[in-house]
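Here are the chains, one letter per residue:
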Amino acid sequence: MPALLEVRDLTIEFRTKAGIVHAVEGASFNVERGEAMGLAGESGCGKTTTALALMRLLPYNGRIVRGSISFEGRDLVPVPEDSMRAIRWKEMSIVFQGAMNSLNPVQRVGRQIAEPIMLHEEAEPEASFKRAGDLLELVGISRNRLNDYPHEFSGGMRQRVMIAMALACNPKLVIADEPVTALDVMIQAQILDLLERLRRELHLAMILISHDLSVLADTCEQVTIMYAGKTMESGKTMDLFTDPKHPYTQGLVGAFPDIRGPRNMPEAIPGDVPSLISPPSGCVFHPRCKFAFDRCTKAEPALTELSVGRRAACFLYPQVTEVPPRPIVITEV
Amino acid sequence: MGTVDVVKVPGAISPFRARATVVSRRMQDIGLQVFHNKTAMAGLIILLFFTFLAVAAPLIAPYSPLTAVPDVGPLTLPGGVHPFGTNQFGYDIYSQVIWGTQISLLVGVLAAGVASVIGTAVGLISGFVGGWIDEVIMRFNDVVLSIPWLVLMIVVAARLNYLDLAGIILVIGLTGWSVTARVVRSQVLSLKERMFVERGRMIGSSNAHILLRHIFPNAFPLIFANTILTVAISILSESVLAFLNLSVKSNVSWGRIIAEAYQHDALTIGMAAWIIVPGLCIVFLVFGFYLFGYALDEILNPRLRRR
Amino acid sequence: MRAVDGVDLDIRRGEVFCLVGESGCGKTSTGKAILKLVEATDGDILLEMPEGEARAYEDVRQRPDDPEARKTLDGLRRKYSVTWKESLPWTVEQALKSAGAFLAAVFLAIVAPSLLLAAVVEPFGDPWSTIGLCVSIGLILGLIGSLPPTRLSRRTRVILTLLALGSIIVAPISALSLHRALVGDVSRFDVGAALATPWTQELAAMLVGFAFGAIAAGGSSSLLLDWRSRSEGMAGIHMRSIRRRLQLIFQDPYESLNPKQSVYEIVSEPLAVNRISTNPGETSALVREALTDVGLRPPEEFLFRFPHELSGGQRQRVSIAAALVLQPDFIVADEPVSMLDVSIRTEILQVMMELRTRRGITYLFITHDLSLAWVLADRIAVMYLGKIVEMGTTEQVIGHPMHPYTKALISVVPSPDPRHKVERIILKGERPDPSDIPPGCRFHPRCPFAFERCGWTAEEVADQLRSLKAGGMLATASGVDLSDAGNVRLSMGSGGPDALVRELNALVSERRETLLPLKGIAAVHATNGFVELSLHASSEPPLLEIEPGNSVACHLVSPPATVSESLTA
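Residues numbered from 1 in each chain as written. Chains lettered and ligands numbered in written order. Predicted model: local features only at pLDDT ≥ 70, side-chain atom pairs only at ≥ 80, totals over all residues.

## With respect to the overall build of chain B
Item 1. Broken down by element type, chain B carries 11 helices and 0 strands.
Item 2. When the helices and strands of chain B are listed from N to C terminus, the series reads α-α-α-α-α-α-α-α-α-α-α.
Item 3. Its C-alpha atoms put chain B at 75 × 50 × 35 Å along the principal axes.
Item 4. In chain B, which comprises 307 residues, the share counted as buried stands at 41%.
Item 5. Taking all contacts inside chain B whose residues are at least 6 apart in sequence as the whole, residues at least 24 apart take part in 72%. (Helix = DSSP H or I, 4+ residues; strand = E, 2+ residues; numbered from the N terminus. Buried ≥ 20, exposed ≤ 12 C-beta atoms within 10 Å, placed from the backbone. Contact = placed C-beta atoms within 7 Å.)

Quick look at the structure:
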């Protein structure tokens, strides 16, 4: 049975005045039903762009150049915009980065949650409002607060409202882009706990995007690491964090101080994130990699399967098996 | 992060040299951006054209603007040597239009300069000092703003019976500073809260130092762009005053030409150029300043500036 | 609204002290107050106080009512405290003495110069004597008014200047009348005309004299007061001398640099502003050294770049270089790496720690990231809602936390190693608004271990009972509200008082471990047709040292004998 979401060789470009920005190249991952996958990387690595591409919400100068996004067996890339509207929010929804600050300040919260319900499911306002109340209760806010304005909520509660909105039409997959970044660590724990509970109760699949590996270590079953638009490594959380194969992953994991580990200073990865307009030749990480050798400057390593479920793009490992492309099944709607 | 030429700086760097290097780099950077901006270039071309006219007037105007031409009489229809005809005194209108550029540009730029300097000073002090001084200044500013500037200007100019060049510049400048003051003040208010100003205080800078080195340079782009737009308004103001016979009497101004053309029913007697050409000149000159000022504002004050 | 309420911190030379807490706990305000970027409402920031004097300070602090102790305290504060402002109230005696001195000064100022002048020339006859008169009035006033027994105060200068202006206006009366007396003029003296004379006769000179008289008064007064304050040891610490030694690194590397200044100007500015080096050669050398020290090598490559041409990590290094160039002893770092990419953070932290070893800098690190504090800090203080709840060495605070908040906070910090999963104590709710701080222990509404003494208010208990009632319990009560005295009061339904009391007691003993507000109930009694609940006395737990160097503010931890009880409202 195919996974809920299968992304293969997704490549996204932006046309800018300064040149073509290769925001994402060759991204490939799977998300099973009810599973949480973490998409990790530093600023500019392409994780948000990938998320927007999944929802077909790229800005006007962005295009999917190649690749496939297979949702329940159906490739979304060639799907026209009107059909996409039926999928957006009903099958797949997203909680944007910094979303808690994008609530309309002059509209009541209940109205804002009910709106997608009314639009997508063509429901009556009364029923939509009742459902909005249900959703608030689901995320741990009393339904009495339906008539409050966003400024009457704290940051953490606004984030809950955004999550409620994302769940409005019962999607199968929720993408959360940096859901806890701006929040205090206690509220962060509350929100992550909430997401975990929702995942279990509603059998939701989730893609959690974060630069904070510690957050992903706690909550996700699978993690994909991206750097400068390329996928570096992916695999099960436990394996990836305890035995990272890719030098970048090793560096990244080592860069986070561990409050439950020894009091060592975290390691640094020397150098800076490269430009996405003129990326380095060969492997995009080679200028900062301590294991880099000659081949790394000349050719790009492909994402190869090292063991079941574990893939890395690095010449340190034998480039034997490629991930075989799944046959795409197009179902007419 | 662009590539920067490594500046070879052996030994001591004088503060002057430090500033000079910075300023010249910034100028180069802006110059390049202006060059690539279509709006800015369009405006600049118009401005250069009129500047050329003003500067080269003595050379390119065939006749003196305030002397009766020897070959034809007054109110001659356009044709031949006099492409726009002659006015009621027999002066060549074509020459008058060319010479008129001088007044418009001179008065426009200088008056805007006066208004800008006063407005900036007021805005800086008011915004930075705050408190009751700010309140008093702003209420006064409100009063000046609430009077229609055209009316104010006309009244002031009319009161002072005789106006020379300096006079007209002062009249326009002293009535036009209030908008600049407001704009500068709001910019100062927002700059005051910026983190680098806080840092300035932390290292022990005096208020004067913060105002001059932190607030003013960051407000300057806005002030500059605003000044260019003020020039447009000043030119218009001068034209209006000239039309009403309130501007300098001794020199020729486009507004004056239009006034005379209007008095002599230029449109009906077949001398449409007499009234239309100076009007178009005003329009285009103002338009040129507007284009350039608008584009410069975009360049100097990028709205989106993050990472 | 108290952002920071009674915080005591001791930071030792050369150590890294971390101030941790969530947003709104007051850590940033504390850091900024040390640098005087935020004015402290009360309290002292004591710099380099020797051990003996520190003990004396602690001692006199305990005795706020003893006038001798007050004097010693004031002396100590003047010597060591950055925030010392003249705060001793004026006594009537001092006020009278100062006022007397001012009056004498005014009198002298009006009479003496007039006397001198009148004897020589006709007053206000020529510009120079006019100006001279005004200036001498100002000078005399400024000097006499600043001599002892006038109390040293910042306002003295202003008062004397204003008095000088007044005297100048009034002086013509004495000058002219004295002149008339000397000359033998016995006609009627018109005061009004006399006052107006100088302004009509010598307007320009009067205006000049007016201005310069004021300047003379203010100037002479300033000079004299300064000299006095230095000789009497009343100067206190001048912020200017301190700024060299205390510096701040800001959180946002993008916002804390002036976009119109080059790196050279940013780093050399502190030197120029504090007039430390005016010679360009010296300045350039210091700037280069600072840039090299923070890892921007070669410095020449960065000197004339603008902030927007640098990466985030590089900007933060420039920030640090600008702080370093004054060679400070103490740096407050407010979340210096939280806005940087993770792989860059370590480099910046390495730079900071290296500077600590090489230059002996002491750090106050403000952060919300406990894992960072774990690896960096020598000592940690945890803040909540403006108060320190726990303080000690890193091992003590994070290894063996005592305060329930600290325990919860640590349990909830994620670890990059998925093997290190712990039982998380997730607190309910959010921190209260700082304008509405809970009484008793500030943390009690969210504390999983709160008990009787922690500060349960009548409102909290009433709310808890109301929600129980809404859930079907307490059937024998018809309503829950607050009595006029502020106690919780239950109105009876059918069944009478005894039934209600019984049900209540049963409910409380059964549910008090899970519904913590119930622990606040001390006694239940029926009166006047209602059942009233009286609450336990509670107090705010003080920060007590339970081991040397380790303090906690929690009733659970502090030894019961030393906690003083006080009734809540």
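## Points about the sheet that holds strand β3 (residues 330-334) of chain C
All names here are of chain C.
Item 1. Pairing within the open sheet is mixed, and its 8 strands lie in the order β2-β3-β4-β1-β5-β6-β12-β11. This sheet does not close on itself; its edge strands, each paired only once, are β2 (246-249) and β11 (544-547). In this sheet, adjacent strand axes meet at a mean angle of 25 degrees when their direction is disregarded.
Item 2. Bridge count between β11 and strand β12 (residues 550-552): 3 bridges; the pairing is antiparallel. Bridge pairing in β12 links Leu 544 to Val 552. (Pairing = 2+ DSSP bridges. Axes fitted to C-alpha atoms, helices over the stretch in contact; angles between N-to-C directions.)

## Description of the nonpolar core
Item 1. Counting residues in hydrophobic clusters, the biggest one holds 278 residues, and the most contacted among them are Cys 18, Val 267, Ala 321, Val 325, Phe 365, Ile 380 and Val 382 of chain C.
Item 2. Per element, the largest residue contribution to this core is 17 residues, and it comes from helix α9 (residues 207-243) of chain B.
Item 3. With residues up to four places along the chain from it excluded, the contact list for Ile 380 of chain C reads Cys 18, Val 20, Ala 373, Met 391, Gly 392, Thr 394, Val 397 and Ile 398 of chain C. (Core = buried A, V, L, I, M, F, W, Y, C linked by C-beta atoms within 7 Å.)

## A short note on the interface of chain C and chain A
Item 1. Between chain C and chain A, the contact holds 33 residues from the first and 40 residues from the second.
Item 2. Of all the elements in the fold, those that place two or more residues in the side of chain C that touches chain A are α13 (342-359), α14 (370-376) and α16 (404-412) of chain C.
Item 3. Residues belonging to the side of chain C that touches chain A are distributed by class as follows: 16 nonpolar, 9 polar and 8 charged. (Nonpolar A, V, L, I, M, F, W, Y, C, P; charged D, E, K, R; others polar.)

## Here we look at the sheet that holds strand β7 (residues 477-482) of chain C
All names here are of chain C.
Item 1. With antiparallel pairing, 4 strands are arranged side by side in an open sheet as β7-β8-β10-β9. The outermost strands of the open sheet, each flanked by one partner alone, are β7 and β9 (521-527). Averaged over neighbouring strand pairs, the angle between their axes works out to 20 degrees when direction is ignored.
Item 2. As paired strands, strand β8 (residues 488-492) and strand β10 (residues 530-535) are joined by 4 bridges and run antiparallel to one another. Residue pairing in the sheet places Val 488 in a bridge with Leu 533 of β10.
Item 3. Set on the sheet, helix α17 (residues 458-470) makes contact with β7, β8, β9 and β10; between it and β7 the angle comes to about 160 degrees.
Item 4. The sheet strands contacting helix α18 (residues 496-511) are β7, β8, β9 and β10, and the helix crosses β9 at an angle near 170 degrees.

## A closer look at the domain arrangement of chain C
Note: interface size is frequently given as the accessible area lost on complex formation between the parts.
Item 1. Examined at the domain level, chain C breaks down into domain 1 (92-231), domain 2 (241-377) and domain 3 (456-535).
Item 2. Here domain 2 of chain C and domain 3 of chain C have C-alpha centroids that lie 59 Å from each other. (Domains from an automatic or database assignment.)

## Remarks on the confidence of the model for chain B
Residues and elements named next belong to chain B.
Item 1. Model confidence for chain B is summarised by a mean pLDDT of 85, while 94% of its residues fall at 70 or above.
Item 2. Averaged pLDDT values over the elements of chain B bottom out at 80 in helix α5 (residues 149-159) and peak at 92 in helix α7 (residues 177-192).
Item 3. Between residues 1-6, whose pLDDT stays under 50, and residues either more than four places distant or in other chains, the model counts 8 contacts. (pLDDT = per-residue confidence, 0-100.)

## Concerning the pairing of β3 of chain C
Residues and elements named next belong to chain C.
Item 1. Counting buried positions along β3 yields 4 of 5 residues, so the element is predominantly enclosed.
Item 2. Sheet topology note: the β2/β3 ladder contains 4 bridges and is parallel. Bridged to Leu 248 within β3 is Val 332.
Item 3. Pairing of β3 with strand β4 (residues 362-367) involves 5 bridges; the strand directions are parallel. For Val 332, the partnering residue across the bridge sits in β4 and is Leu 364.
Item 4. As a crossover connection, the stretch from β3 through α13 into β4 is right-handed. (Right-handed = clockwise from strand over helix to strand, strands pointing away.)

## Describing the confidence of the model for chain C
Residue and element names in this part refer to chain C.
Item 1. Predicted confidence across chain C gives a mean pLDDT of 82, with 94% of residues reaching 70 or more.
Item 2. Below pLDDT 50 for its whole length, residues 561-569 participates in 18 contacts with residues either more than four positions away or in separate chains.
Item 3. Both scores are available for the predicted complex, with the pTM at 0.79 and the ipTM at 0.86.

## Notes on the arrangement of the chains
Item 1. The interface with the most contacts, out of 2 pairs of chains in contact, is the one formed by chains A and C.
Item 2. No interface is formed between chain A and chain B, the nearest pair of C-alpha atoms being 9 Å apart.

## Some points on unusual backbone geometry
Item 1. Residue Pro 298 of chain C follows Arg 297 of chain C across a cis peptide bond; omega there is -5 degrees.
Item 2. Relative to the helices and strands, Pro 298 of chain C resides in the loop between α11 (280-293) and α12 (312-324).
Item 3. Phi at Trp 89 of chain A takes a positive value of approximately 80 degrees, unusual for a residue other than glycine.
Item 4. The topology assignment puts Trp 89 of chain A in the loop between α2 (81-87) and β6 (92-95).
Item 5. In this model, Glu 178 of chain A sits at a positive phi of 50 degrees, which is unusual for a non-glycine residue.

## Notes on the environment of Gly 360 of chain C
Item 1. Relative to the helices and strands, Gly 360 of chain C is located in the loop between α13 and β4.
Item 2. Linking Gly 360 of chain C and Leu 35 of chain C, residues 325 residues apart in sequence, is a C-alpha distance of 19 Å.

## Regarding the packing of helix α3 (residues 93-129) of chain B against α7 of chain B
Residue and element names in this part refer to chain B.
Item 1. For the pair α3 and α7, interaxial distance at closest approach is 7 Å and the crossing angle is 35 degrees. Relative to α7, α3 is oriented so that their crossing is right-handed. Across the interface between the two elements, Ala 115, Ser 116, Ile 118, Gly 119, Thr 120, Val 122, Gly 123, Leu 124, Ser 126, Gly 127 and Phe 128 of α3 pack against Trp 177, Ser 178, Thr 180, Ala 181, Arg 182, Val 183, Val 184, Arg 185, Val 188, Leu 189 and Lys 192 of α7.
Item 2. Grouping the amino acids of the contact of α3 with α7 by side-chain chemistry returns 11 nonpolar, 8 polar and 3 charged. (Left-handed = near helix turned anticlockwise from the far one by under 90°.)

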